[in-house]
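Chain by chain, the residues run as shown.
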Amino acid sequence: MESYEIICDFEQFLLQVAGVKETTKHQYLGYVQTFLLERFNHVSEHELSKLTPIDIIQFIMNQKKHYRVPYLKAMTTALRCFFRFLAMKGLCDERLVDAVPAVAAWKLSHIPKYITKEQLEILLSSFNRKRADGLRGYAIAICLSRLGLRRSEVAHLSLDNIKWRSGVVRICDGKDRQANELPLPKDVGEAIVAYLRSGRPKTTERRIFVRHRRPMGVALNGSAIGAIIRRGFKRTGLKVPSCGPHILRHTVATYMIQQGVSI
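In what follows, the accompanying structure is described. (Residues numbered from 1 in each chain as written. Predicted model: local features only at pLDDT ≥ 70, side-chain atom pairs only at ≥ 80, totals over all residues. Heavy atoms only, no water.)

## Description of the overall build of the chain
Then step 1. Secondary structure assignment for the chain yields 12 helices and three strands.
Then step 2. Overall, the C-alpha framework of the chain stretches about 65 × 45 × 35 Å when taken along its three principal axes.
Then step 3. Across the 263 residues of the chain, 42% fall into the buried class.
Then step 4. Sequence separation of 24 or more characterises 58% of the internal contacts of the chain that already satisfy a separation of 6 or more.
Then step 5. When the accessible area of the chain is evaluated, it comes to approximately 15,800 Å², of which 52% is carbon and sulfur surface.
Then step 6. Each charge class in the chain can be summarised by its mean position, and for the 42 positive and 23 negative side chains these summaries are 12 Å apart. (Helix = DSSP H or I, 4+ residues; strand = E, 2+ residues; numbered from the N terminus. Buried < 20%, exposed > 50% of the residue type's maximum accessible area, 1.4 Å probe, protein only. Contact = heavy atoms within 4.5 Å. Areas by Shrake-Rupley, 256 points an atom, 1.4 Å probe, with all protein chains shown as cover. Lys, Arg positive; Asp, Glu negative; His and termini not counted. Charge placed at Lys NZ, Arg CZ, Asp CG, Glu CD.)

In structure tokens, the structure reads:
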């Protein structure tokens, strides 16, 4: 089995067995290819069978010289998945899965970044709701800041996810891949309705937020959601810890804890 075959088989394993998302699949394949290129001149079943825990530990130690903790944690997760795949195919010792070292990172080593209520209001007011793209940007920002959604969850928000009569929104794109139902606040519902009625171009797309330029009517992805928020922050001129959409998720969580909601 050659390198190309191994990578192709691993790709199918990620999609059909591990059930990872498309973006995660590409990341994992990249990490594994980096490992294989550094460790082998030529990948074969025989060479894979000679892998030892020392090989893996040395590889991770070398990566620590060049990359930060979040990257390393993702890489070690990908490698564990890869060695699990190899063990399943009988191409390596099962103990290699446990040989991948854990990357130490204290989750609460710093206070999560967030913005003040005044800064949030300034951001929301930066979207010109007399324009179609302003209605879209405002609705996206308020979904992030009131519901605490991830940018991918906003991108995947569909017309079918909202139960208008019961005031509930169904979120189906969380990291745990399970659907969750959240109350739909009045201001969030009004923002979405305003966009659907007065800003959204005609399209058969079921996802709510779509492109306003060619190809018009195509659903936005998570990167586009992030870009809209970053442009909003740039217009305000605010000096904030981060201009990405995740700071709005941290902000709503911070406000909830300040009001006594348990972690």
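## Side note on a nonpolar patch on the surface
Then step 1. Residues Ile54, Ile57 and Met61 make up a contiguous nonpolar surface patch of about 270 Å² in total accessible area.
Then step 2. Structurally, isoleucine 54 is set in helix H4 (residues 53–64).
Then step 3. Residue isoleucine 54 is classed as partly exposed on the basis of its relative accessible area of 48%. (Patch = residues over 30% accessible without salt bridge, like charges linked within 9 Å, V, L, I, M, F, W, Y side chains within 5 Å. Salt bridge = Lys/Arg side-chain N within 4 Å of Asp/Glu carboxyl O.)

## Observations regarding a positive patch on the surface
Then step 1. Taken together, Arg151, Arg211, Arg213, Arg230, Arg231 and Arg235 make up a surface patch of like positive charges.
Then step 2. If one sorts the elements of the positive patch by residue count, helix H11 (residues 222–236) sits on top with three residues.
Then step 3. You can see arginine 235 is positioned in helix H11.
Then step 4. Arginine 235 gets classed as partly exposed once you look at its relative accessible area, which sits at 47%.

## Considering the packing of aromatic side chains
Then step 1. For the structure shown, the criterion picks out 11 aromatic pairs.
Then step 2. Centroid distance phenylalanine 10 to phenylalanine 85: 5.4 Å. Interplanar angle 50°. Geometry classified as tilted. Of this pair, phenylalanine 10 sits in helix H1 (residues 3–18) while phenylalanine 85 sits in helix H5 (residues 69–88); the two residues are 75 residues apart in sequence, bridging distant segments of the chain.
Then step 3. Classification of phenylalanine 85 as buried rests on a relative accessible area of 2%.
Then step 4. Grouped by ring-pair contacts, the aromatic residues Phe10, Phe13, Phe35, Phe59, Phe82, Phe83 and Phe85 constitute a single cluster.
Then step 5. Above the plane of the ring of tyrosine 255 lies lysine 117, whose end atom (NZ or CZ) is 5.4 Å from the centre.
Then step 6. Positioned over the ring face of tyrosine 138 is arginine 129, at 3.8 Å from the centre of the ring. (Phe/Tyr/Trp six-rings, centres within 6.5 Å; stacked < 30°, edge-to-face > 60°. Lys NZ or Arg CZ within 6 Å of the ring centre and 35° of its normal.)

## What about the pattern of salt bridges?
Then step 1. For the structure shown, the criterion picks out 13 salt bridges.
Then step 2. Close ionic contact of lysine 25 with glutamate 22 constitutes a salt bridge, the shortest N to O distance being 2.7 Å. Note that lysine 25 and glutamate 22 are positioned in helix H2 (residues 22–39) at a spacing of three residues, about one turn of the helix.
Then step 3. You can call lysine 25 buried: its relative accessible area is 4%.
Then step 4. Among the residues examined, glutamate 22 registers a relative accessible area of 44% and is labelled partly exposed.

## Remarks on the packing of H2 against H4
Then step 1. H4 packs onto H2 with a crossing angle of 110° between their chain directions and a minimal axis gap of 11 Å. Classified by the angle their axes make, H2 and H4 are roughly perpendicular. For the pair formed by H2 and H4, the contact residues are Thr34, Phe35, Glu38 and Arg39 on the first element and Asp55, Phe59, Asn62 and Gln63 on the second.
Then step 2. Taken together, the residues of the contact of H2 with H4 sort by class into two nonpolar, three polar and three charged. (Axes fitted to C-alpha atoms, helices over the stretch in contact; angles between N-to-C directions. Parallel < 35°, antiparallel > 145°, perpendicular 65-115°, else oblique. Nonpolar A, V, L, I, M, F, W, Y, C, P; charged D, E, K, R; others polar.)

## As for the sheet that holds strand S3 (residues 180–183)
Then step 1. The three strands are arranged S1-S2-S3 in an open sheet whose pairing can be described as antiparallel. Since the sheet does not close on itself, it has two edges, and those belong to strand S1 (162–163) and S3, each with one partner.
Then step 2. Of the pairings in the sheet, the one linking S1 to strand S2 (residues 168–171) comprises two bridges and is antiparallel in character. When the bridges of S2 are listed, lysine 163 appears paired with valine 168. (Pairing = 2+ DSSP bridges.)

## Notes on the nonpolar core
Then step 1. Formed by 38 residues in total, the largest nonpolar core has its most connected members in Ile140, Phe209 and Leu248.
Then step 2. When residues of this core are traced back to their parent elements, those giving at least two are helix H7 (117–125), helix H8 (132–147), helix H9 (151–155), S2, helix H10 (186–198), H11 and helix H12 (246–258).
Then step 3. Sort the elements by how many residues they give to this core and H8 lands first, with nine residues.
Then step 4. Core analysis: the next-biggest nonpolar cluster, separate from the first, contains 34 residues, Tyr31, Phe40, Ile56 and Cys81 among them. (Core = buried A, V, L, I, M, F, W, Y, C linked by side-chain atoms within 4.5 Å.)

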